[in-house]
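A look at the structure
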Amino acid sequence: VQDPSVQIHAAPETPQGYGSMKRKEDARFVRGRGHYVDDIVLPGMLHGAVLRSPLAHARIVSIDTSAAEAHPKVHAVITGETLAGLGLAWMPTLSYDTQAVLATDKVRFQGQEVAFVVADDKYSARDALALIDVEYEPLTPVIDAKTALDRGSPVVRDDKEGKTDNHIFDWESGDSAATDKVFAEAEAAEDQVVVTADVLYPRVHPAPLETCGALADMDPVTGKLTLWTTTQAPHAHRTLYAMVAGLPEHKIRVVSPDIGGGFGNKVGIYPGYVCAIVASIVTGKPVKWMEDRSENLMSTSFARDYHMRGEVAVTKDGRIRAVRVDVLADHGAFNATAQPTKFPAGFFGVFTGSYDLEAAHCAVTGVYTNKASGGVAYACSFRITEAVYLIERLVDIVAHDLEMDPAELRMKNLLHADQFPYQSATGWVYDSGDYPHTLQVALDKAGYQELRAEQAERRRRHEAGERVDLLGIGLSFFTEAVGAGPRREMDILGLGMADGADLRVHPTGKAVLGISAQTQGQGHETTFAQIVAAELGMSPDDIEVVHGDTDLTPFGLGTYGSRSTPVSGAATAMVARKVRERARIVAAAMLEVSADDLEWNDGRWQVAGDPEASKTIAEIALAAHSSLELPEGVEGHLDASCVYNPPNLTYPCGAYVAVVDVDPRTGTVNVRRFIAVDDCGVRINPMIVEGQVHGGLADGVGMALMQGIAFDLDGNCLGGSMMDYLLPTSLECPSWELGETVTPSPHHPIGAKGIGESATVGSPPAIVNAVVDALGPYGVRHADMPLTPAAVWSAAQGRPLRT
Ligand code: CDP
C-alpha cells in the first residue's frame, strides 16, 4: 500500500537531475565488461542441451536414452518420464494454462523439448542428443488458426481431460448492444457508411540479441538454489519456482545479470530453465543451459498472430462513430503468454485508439495450434501493438473509401485536450494528452503539404508512363496504455502488479537504490539514479542502482510493457520523498528549528527566508548516523522503503509520419524519412528516450517490411534462422527525425509515462499506411505485413499475398 504520509504532487517544471546524460552502465558495456548468464562460470559446472521434436504433432511411442547415457562425458539424461516422477513434467504458464516441460504423451510443435542431456561440456551434451532414439507416430498438425475450431480438427491439447476442440478463450470488451445500434443506424442512413477490412498482424518474434538460458546451482548443504537466468521478472520467477517445486521462497535466489534484450521474450518461464534446475538437483553440480539462435526463434514465445476483422461506422463527411472488431488469436500449443489475469487478450481493449467514439466492441477468441506458444507481448503493453495497428489501418482505409486526406480524418476524430481524463468506449481512462497538437507538430515537421504536392507530381509522371518511384506518406497516431498496473484490476497468476523500492543513504552521503524492475538495456541504472538525484539534490553519479537479484532487491513484477518508469520509477520517486521527509526532521535538529520552518529549496532543506541556514542531503546523512539528538520516536539513518501501487496506467501517445519510395515494378520499398513525435510526459533522460524510440522504429521497419514467421502445412517453422527471419539494419533505416510534446501524467509522481515500446507500437502502421498510400494509383486498399518486395508487387497486381 502507498504511504499516505507521502504527498504525490505534480512534476516540478525543470527538475534538477533530469536531462540527457550518458548511461552509467555503458562504462562496462562499451568495454566488453558486461556480465551475461553465459559469462558466468562456476567450479565443476556441467552443461545441458535440449533434444527437440522434429515434428509439429506426433505421439511419442518410445524414448531410448541408453546410448546417450553411455557417452563417457554424459552425467544424466532427463526425460518427461524422469520429471513425471518428480511431479514436474508439466508446469503452469503465466496464463493459467499448463505447458509440458519435457514431452511425455506427445509433441505439440516443431522444436518442443523432449529430453535434456547433462554433460561435461556443451559440445558433448549436443553430441549426445544425437544418440537418443525417439520413436514418433506422426499426427495431423493444426496449423491454420482459421480452421482450428472446425469440427473434426485434431485436438492439440488432448492432455486436458474432456477437451474436444482447440478453443482457449473467448473474451470481449465494450458494449455490444450499443455498438450494434450505431452500426444499424449507419447502415440505414444515407449520409453514413460502414467500412470493413480484414487485417492480419503476422507472427513475429522478439529475437533478442542474447538468447535465453539459465545456470542453476542447488547447494546440497544449505539447500539453497541460486539461478542465474535471462529473466525480465526475477521476483515473479522466484515465486513461481517456489509454488511449482515446493521449495521455500527464501531458499531460492534468482539473479538476472546483464540481459541482452528482452522485448517480452524473457518474461515467461521456459522448460530449459526448469531442466537446468532439476539437472543441478540430480547431479549435485551447477548446470548451465543456453539455447542457440534457432532454438530461440523456433521454440520460445512468439508474438502477434492476430487475425482481425474490423468494421467502422462513419459519416460520409468523416466522423467516426463506432468500431466493431472480431479477432482470432493463435496462441500456439500452450497458452503461455504473460498478461494480467482479467485480460486474456491483453490490453487489446484499447483498439478504440485515440479517437472519440460513441461505442465500440471487440470479441477475441484464442485457439490452440501446433506451433510454439504465442501471444507474447513483443515490445508492447499486452496486445496494444495489434490494437493500434488495426485501428490505424482502419482509419486509413476509411480515408481511402471516403476519399479523404488521412491527416484531416484523424484531426476530425482525435480526442481533444479538454476531454482528459477520458473514459474510452471500452472503459479505459486515458490520463492526459493533447492529440491534435501532437499530430500538428508531426505534420509540420514532415512538411506534409509539400510531400503531398511531390506525391501528386510523381503520380502525374507515373501516369504519363515515366519510370519513377511512387511516393507514399503514412500516418499513425497511437495511444499506449503502460504501467501495469493497479492491483485492484491487474495481477499475473494472482501476483499483484505493485513494485517495491528501497533506498539507503550512506553516512558519507552516497546512496544505494534497490528496485524490482530489471533492465535489459534500457538504462535504468542511469535514469533511476536521476530520479533519486532530482528528489534529493544529489548527483546521479552518487547513486548506485541495484536490480536483478532477488536477495538484494524488493519484490515487484519486473520489466515489460514499458512498466518500469510508470511503476518502479514512481516507487523510486516516492521512496526518495520518504527519505527527504526523514531528512527534514534531522535537518531541523541540526539547525535547531522546527521542521515546519524548513522548505525544500534548490536541492537542500533550508530555513524559510534564510538561504544561508540550510543542509544538503550529504550533510544530513552524516548527522543522521551521528550522536545528534533527534526528537522522541524518530529513528536515525536515512533509509526507507515503499511499495507503489499505481492508481491508473499512464497513456503516452505519438504521431508518426513515414515517407516511402516504392518501385511498383519490383515492389522494393525504401523508407526515405520517418518523423516520430512522442509524448511520454516528463522525460527523465531525453537522450535515453530517443534511444528507446530509435530502437522501436527499427523494430517497426522490420515487422512492416521484412519479418513474419510462417509454417508449412506439416508445421515446419519457416523462420528458424536469421537467413529467413530478417532483422533490420541501419541500411534499411533512415535517419530518424524525432520531436516531442509533453503532457505530464497527472497521477504519476514525476509526471512521466513509459516510452520503451511506443515506437514499436506506432511505427508499423505508419509504414504500412505509407506503402499502401504509394500504391494508390494501383487502387490498393490494404496489404498485409510483411510488405516484402513480393508482397508489394503482388498487391500492385491486384493479387495480395496471403500468409
Ligand atoms: O519498462 P522499460 O524500462 O522497458 O520502459 P520505460 O519505463 O518506458 O523506460 C525506458 C527507459 O527510458 C528507462 O531508462 C526510463 O527511465 C527512460 N524514460 C525516461 O527517461 N523518461 C520517460 N518519461 C520514460 C522513460
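The peptide bond linking Phe420 to Pro421 adopts the cis configuration, its omega dihedral lying at -10 degrees. Positionally, Pro421 belongs in the loop between helix H10 (406-413) and strand S18 (422-423). Cis geometry is found at the peptide bond from Ala484 to Gly485, where omega equals -25 degrees. Within the secondary structure layout, Gly485 lies in the loop between strand S20 (470-479) and strand S21 (491-492). You will see that Glu403, though not glycine, has its phi angle at about 55 degrees, which is positive. Along the chain, Glu403 turns up in the loop between helix H9 (384-402) and H10. Within the chain, His637 stands out as a residue other than glycine whose phi angle is a positive 65 degrees.

A word on the domain arrangement of the protein chain. What the domain assignment reports for the protein chain is domain 1 (26-34 + 498-644), domain 2 (37-139 + 211-259 + 266-299) and domain 3 (303-484 + 648-796). The distance between the C-alpha centroids of domain 1 and domain 3 comes to 38 Å. At the interface, 21 residues of domain 1 touch 22 residues of domain 3. Summing both partners gives a buried area of about 1,400 Å² for domain 1 against domain 3, and 63% of it is carried by carbon and sulfur. On the surface where domain 1 and domain 3 come into contact, there are 0 salt bridges.

In the vicinity of the ligand lie 23 residues, with Gln522, His524, Ser564, Thr565 and Ile755 positioned nearest. Between an oxygen atom of the ligand and a side-chain N or O atom of Thr527, the distance comes to 2.8 Å. Within the backbone of Cys680, a nitrogen or oxygen atom sits 3.2 Å from a nitrogen atom of the ligand. Here the ligand loses 98% of its free accessible area of 520 Å² to cover by the protein chains.

What follows concerns the sheet that holds strand S26 (residues 598-601). The 3 strands lie next to each other as S26-S27-S28, forming an open sheet whose pairing is antiparallel. The open sheet has two edge strands with one neighbour each: S26 and strand S28 (610-615). Averaged over all pairs of adjacent strands, the angle between strand axes in this sheet comes to 45 degrees, irrespective of strand direction. Bridge count between S26 and strand S27 (residues 604-607): 4 bridges; the pairing is antiparallel. Residue pairing across strands places Trp600 opposite Trp605, the latter belonging to S27. Packed on one face of the sheet, helix H14 (residues 564-591) meets S26, S27 and S28 and runs near 40 degrees to S27.

Turning to the packing of H9 against helix H17 (residues 758-774), a few remarks are in order. Contact pair H9 / H17: the axes reach a minimum separation of 9 Å and the direction vectors enclose 30 degrees. The angle between the axes of H9 and H17 places the two elements in the roughly parallel class. In the packing of H9 onto H17, the handedness of the crossing is right-handed. Contacts between H9 and H17 pair Ile384, Thr385, Val388, Tyr389, Glu392, Arg393 and Asp396 from the former with Thr760, Val761, Pro764, Pro765, Val768, Asn769 and Val772 from the latter.

Rules used in this analysis
Residues numbered from 1 in each chain as written. Predicted model: local features only at pLDDT ≥ 70, side-chain atom pairs only at ≥ 80, totals over all residues. Heavy atoms only, no water. Helix = DSSP H or I, 4+ residues; strand = E, 2+ residues; numbered from the N terminus. Domains from an automatic or database assignment. Contact = heavy atoms within 4.5 Å. Buried area = accessible area lost by both parts, 1.4 Å probe. Salt bridge = Lys/Arg side-chain N within 4 Å of Asp/Glu carboxyl O. Near = heavy atom within 4 Å. Polar contact = N/O pair within 3.5 Å; in protein donor to acceptor, adjacent residues only side chain to side chain. Areas by Shrake-Rupley, 256 points an atom, 1.4 Å probe, with all protein chains shown as cover. Pairing = 2+ DSSP bridges. Axes fitted to C-alpha atoms, helices over the stretch in contact; angles between N-to-C directions. Parallel < 35°, antiparallel > 145°, perpendicular 65-115°, else oblique. Left-handed = near helix turned anticlockwise from the far one by under 90°.

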